[in-house]
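Per-entry structural report
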Amino acid sequence: MSLLSDFKAFALRGNLVDLAIGFTVGAAFTTVAESLVDDLIMPPLGLILGNTDFSDYYLLLRAGDAAPPPYETLEAAQAAGAVTFNYGAFLTSLLTFLVVAVAVFVLVRLVKRAGDAVEDEFGEPDTPDTPDTKKCAYCRENVPYQASRCPNCTSFLGTDGGPLTPDAAVLPAGAGGAA
């Protein structure tokens, strides 16, 4: 397949839409996580560490030309043209990442548990010798092995999951059915 036809198949299959939705929800979720860290977690942590703003922790690498050190805040150091190593901002970003990672982990775990609970409640145990599909006795299309109706011709296939033969009552006369 050519690159263009591969991309067309990818875009039309829905993966591109799923990716866009995931990216949008992820961006919104990241905004909430950043707010949680910046507005709720870091201020008390900054008070405990003796500073009101954790992101103001920095290491001065070179003094600025506009004003001599010490600088009250990181913004003042940057305004003076100082070169700084901003480890406080990095730690804030790292904590934001950890909060997002834990929240996504918990969400994925809850979804997996819910899916497992639904599967335990309504699913049927798989046996290694059970085939995945069977042929519909009416239209000869492949259908899932446990299906009770054919999704193609909507014929009733039974509930035992095995292959069926057509009902004699629905077969035309002379085709092995009742005359």
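Figured I'd write up the structure that's included with this text. (Residues numbered from 1 in each chain as written. Predicted model: local features only at pLDDT ≥ 70, side-chain atom pairs only at ≥ 80, totals over all residues. Heavy atoms only, no water.)

**Points about unusual backbone geometry**
Cis geometry is adopted by the peptide bond preceding P70, which originates at P69 and carries an omega value of 5 degrees. Residue R140 is not a glycine yet carries a positive backbone phi of 65 degrees.

**Quick notes on a nonpolar patch on the surface**
Where nonpolar side chains cluster on the molecular surface, the patch consists of L59, L61, V83, F85, Y87, F90, L91, L94, F97 and L98 and spans about 940 Å² of accessible area. Among the elements of the structure, strand 1 (59-62), strand 2 (83-85) and helix 4 (87-122) are those that each provide at least two residues to the nonpolar patch. Sorting elements by how many residues they give to the nonpolar patch places helix 4 first, with 6 residues. Structurally, the position occupied by L91 is in helix 4. Classification of L91 as partly exposed rests on a relative accessible area of 33%. (Patch = residues over 30% accessible without salt bridge, like charges linked within 9 Å, V, L, I, M, F, W, Y side chains within 5 Å. Areas by Shrake-Rupley, 256 points an atom, 1.4 Å probe, with all protein chains shown as cover. Salt bridge = Lys/Arg side-chain N within 4 Å of Asp/Glu carboxyl O. Helix = DSSP H or I, 4+ residues; strand = E, 2+ residues; numbered from the N terminus. Buried < 20%, exposed > 50% of the residue type's maximum accessible area, 1.4 Å probe, protein only.)

**Topic: the nonpolar core**
Counting residues in hydrophobic clusters, the biggest one holds 7 residues: A33, V37, M42, F54, Y57, V99 and V100. Elements represented by at least two residues in this core include exactly helix 2 (15-48) and helix 4. Counting residues per element, this core draws most heavily on helix 2, at 3 residues. Beyond its immediate sequence surroundings of up to four residues, M42 is in contact with V37, F54, L91, T92 and L95. Y71, A77, A80 and A82 belong to the second-largest nonpolar core, a separate cluster that totals 6 residues. (Core = buried A, V, L, I, M, F, W, Y, C linked by side-chain atoms within 4.5 Å. Contact = heavy atoms within 4.5 Å.)

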